[in-house]
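Survey of secondary and tertiary structure
What follows is each chain in one-letter form.
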Amino acid sequence: MKPTIQRPVTIPDSLSTPVITPIMPSVVYASRTPDELDSQYEGRASGYTYAREGHPNASVLAARIDALEGVSGGIVLGSGMAAVTAVLLGLTKAGDHVVGGDQLYGRSLRMMAEDLPRLGITTTLADVSDVEAVEAAFRPETRMVLIEVVSNPTLRLADLDGIAALCKSKGGLLVVDNTFTTPLAVKPFEHGADIVLHSVTKLLAGHSDATLGWVAAKDPELMQRMNVFAVTTGMTASPFDCWLAERGLATFPIRFQRAQETAKRLADHLAGQAGVAKVLYPTRSDHPDMSRAQSLLQGQGGNMVSFILDGGRAQANAFAHAAKGIAFAPTLGDVGTTLSHPASSSHRALTPEGRAALGITEGFFRVSVGLEDPEALLACFDDGLSAARSA
Ligand SMILES: *Cc1c(COP(=O)(O)O)cnc(C)c1O
């Protein structure tokens with residue numbers, strides 16, 4: 001038999017169509033003629049050319065997240081931090097100033113503190129639960145304000161509406177990292193955000209098996225600039241990760257509802273236990289921002305609960321060791337409940353005094369509630385608490 005040439009591939013014709021998105025890992029796409037390639041590059045025809053510039057699995061996933069956030073034209077990137085970078089570095093220049101929440105995600109804080117200043121972009125951190133603190137941080141050259149609606153790990157609520165009005169009057173872009181809250185609790189574009197981003201790695205994908213980000217801007221010109229920057233700097237998402245996230249997203253609304261119900265129960269349960277000094281959950285009546293959580297999040301407290309044990313590191317060690325079945329791991333939004341200890345992980349770079357100023361002590365834990373049987377989960381916490389009490 002004579003050897004034949006096998007490329008480009010031919011996909012068999014089928015009158016019927018697949019019910020799920022096929023995985024398309026092809027790095028390059030073949031065109032028939034230079035004229036046809038021209039028409040693609042010039043926007044007269046649609047199609048893919050090279051996967052770093054876009055591929056079908058990223059497009060399908062982006063459109064699904066666009067629909068959740070009520071926007072169009074969003075893009076999927078290789079991680080949540082790629083999305084943060086596309087905004088912070090893709091839309092600023094030397095001489096600009098950026099305001100950020102003082103309890104942003106750790107790597108976002110690092111970018112604000114180290115990378116932007118190195119490139120001549122100055123930054124100021126402010127308490128975003130207080131619009132006056134954000135106003136005081138504003139300068140004539142302030143280009144944007146980056147906030148998270150619910151802070152990590154103390155679960156304080158940003159004054160989203162107040163900051164949106166401030167950004168509008170002062171001419172700065174409002175950027176919201178909506179990872180913690182998700183579009184089921186708040187849709188920041190409806191509150192005046194200019195740009196919304198996600199770590200899709202967390203609740204949206206939901207299974208701790210794909211690292212991805214998403215970002216969208218209302219203004220198509222800003223969107224275009226971020227997209228070109230992301231393509232140039234190689235922030236491309238893997239087709240397989242996009243496919244996993246699309247699969248995860250199919251159950252996101254029911255996962256969110258279930259995890260939130262259990263989180264509420266866990267918060268109330270912990271608050272009644274000996275050895276627990278404090279519980280933080282946005283919709284509880286003892287939370288400092290409870291009324292804002294009721295209005296802004298429509299009473300949806302989310303799946304994150306923080307609590308403080310009486311005692312110090314010894315009690316924290318005893319709790320983490322005895323609460324078997326709860327992964328002591330620094331992530332959130334997984335189908336399984338995860339426990340994080342900010343003093344030894346996300347906030348370890350701070351001094352004990354710096355942590356104390358945020359209310360983070362050695363007994364402080366943050367819980368991302370998952371989908372386990374609620375009774376079994378409460379029993380795990382009880383095991384941890386009884387060990388902490390006798391430590
Ligand atoms: C995890 C996280 C990020 C970063 O996302 P990665 O996908 O890990 O890069 C950004 N913001 C928030 C609020 C996060 O929780």
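First, a word on scope: everything that follows refers to the structure included in this document. What you see is a predicted model; the values in this text were computed from it and never measured. (Residues numbered from 1 in each chain as written. Predicted model: local features only at pLDDT ≥ 70, side-chain atom pairs only at ≥ 80, totals over all residues. Heavy atoms only, no water.)

Summing up its helical and strand segments, the protein chain has 14 helices and twelve strands in all. Its C-alpha atoms give the protein chain a radius of gyration of 23 Å, near enough to 21 Å, the size a compact globule of 391 residues would have. In the protein chain, which comprises 391 residues, the proportion classed as buried is 50%. Considering only contacts in the protein chain between residues 6 or more positions apart, those separated by 24 or more positions represent 70%. Of the roughly 18,100 Å² of accessible surface on the protein chain, a fraction of 55% belongs to carbon and sulfur atoms. The average position of the 33 basic charges and that of the 41 acidic charges among the side chains of the protein chain differ by 3 Å. (Helix = DSSP H or I, 4+ residues; strand = E, 2+ residues; numbered from the N terminus. Rg over C-alpha atoms; globule rule 2.2 N^0.38 Å. Buried < 20%, exposed > 50% of the residue type's maximum accessible area, 1.4 Å probe, protein only. Contact = heavy atoms within 4.5 Å. Areas by Shrake-Rupley, 256 points an atom, 1.4 Å probe, with all protein chains shown as cover. Lys, Arg positive; Asp, Glu negative; His and termini not counted. Charge placed at Lys NZ, Arg CZ, Asp CG, Glu CD.)

This part covers the site of the ligand. By nearness alone, every residue bordering the ligand is listed as Ser79, Gly80, Met81, Tyr105, Glu148, Asp177, Thr179, Ser199, Thr201, Lys202, Leu212 and Leu332. A distance of 2.8 Å is found between an oxygen atom of the ligand and a side-chain nitrogen or oxygen belonging to serine 199. Note that an oxygen atom of the ligand is positioned 2.6 Å from one of the side-chain N or O atoms of threonine 201. Here the ligand, which alone exposes 380 Å², has 92% of that area covered by the protein. Looking at the shell around the ligand residue by residue, the classes come out as four nonpolar, five polar and three charged. (Near = heavy atom within 4 Å. Polar contact = N/O pair within 3.5 Å; in protein donor to acceptor, adjacent residues only side chain to side chain. Nonpolar A, V, L, I, M, F, W, Y, C, P; charged D, E, K, R; others polar.)

With that out of the way, let us pick up the sheet that holds strand β9 (residues 304-309). A sheet is described by the order of its strands in space; here five strands give the open sequence β8-β9-β12-β11-β10, paired in mixed fashion. A single partner strand is all that each edge strand has here, and the edge strands are β8 (276-280) and β10 (327-328). Alignment of strand β11 (residues 338-340) against strand β12 (residues 364-368), held across three bridges, turns out to be antiparallel. Across the sheet, residue serine 340 finds its bridge partner in β12, namely arginine 366. The strands touched by helix α10 (residues 252-271) are β8, β9 and β12; relative to β9, the strand with the most contacts, the crossing angle is about 15°. Each of β9, β11 and β12 is contacted by helix α12 (residues 313-322), which is oriented at about 135° to β9, the strand it contacts most. (Pairing = 2+ DSSP bridges. Axes fitted to C-alpha atoms, helices over the stretch in contact; angles between N-to-C directions.)

Turning our attention to unusual backbone geometry. Going from arginine 7 to proline 8, the amide bond is cis rather than trans, its omega being -10°. Looking at the element boundaries, proline 8 is found in the segment before α1 (34-41). In the segment running from asparagine 152 into proline 153, the intervening peptide bond is cis, with an omega of 0°. When you line up the elements, proline 153 lands in the loop between β4 (142-148) and α6 (160-170). The residue leucine 155 is not glycine, and still its phi comes out positive at about 60°.

Our next topic: the sheet that holds strand β2 (residues 97-101). The strand order across the open sheet formed by seven strands is β1-β7-β6-β5-β4-β2-β3, and the pairing between neighbours is mixed. Two strands in the sheet have a free side with no partner beyond their single neighbour: β1 (75-77) and β3 (122-126). Put simply, the sheet's adjacent strands are angled 20° from each other on average, direction ignored. Contacts from α6 reach β4 and β5 (173-177) within the one sheet, and its direction differs from that of β5 by about 150°.

Here we come to the pairing of β4. Side-chain positions along a regular strand alternate between the two faces of the sheet. Where burial is concerned, most of β4 is hidden: six out of the seven residues are buried. Here β2 runs beside β4; their pairing, made up of four bridges, is parallel. Counterpart to valine 99 in the pairing with β4 is valine 145. Direction of pairing for β4 relative to β5: parallel, over a ladder of five bridges. Residue pairing in the sheet places glutamate 148 in a bridge with aspartate 177 of β5. The handedness of the β4 to β5 crossover, carried by α6, is right-handed. (Right-handed = clockwise from strand over helix to strand, strands pointing away.)

Now for a nonpolar patch on the surface. A cluster of nonpolar side chains, contributed by Val27, Val28 and Tyr50, occupies part of the molecular surface with about 270 Å² of accessible area. With respect to the element layout, valine 28 can be found in the segment before α1. (Patch = residues over 30% accessible without salt bridge, like charges linked within 9 Å, V, L, I, M, F, W, Y side chains within 5 Å. Salt bridge = Lys/Arg side-chain N within 4 Å of Asp/Glu carboxyl O.)

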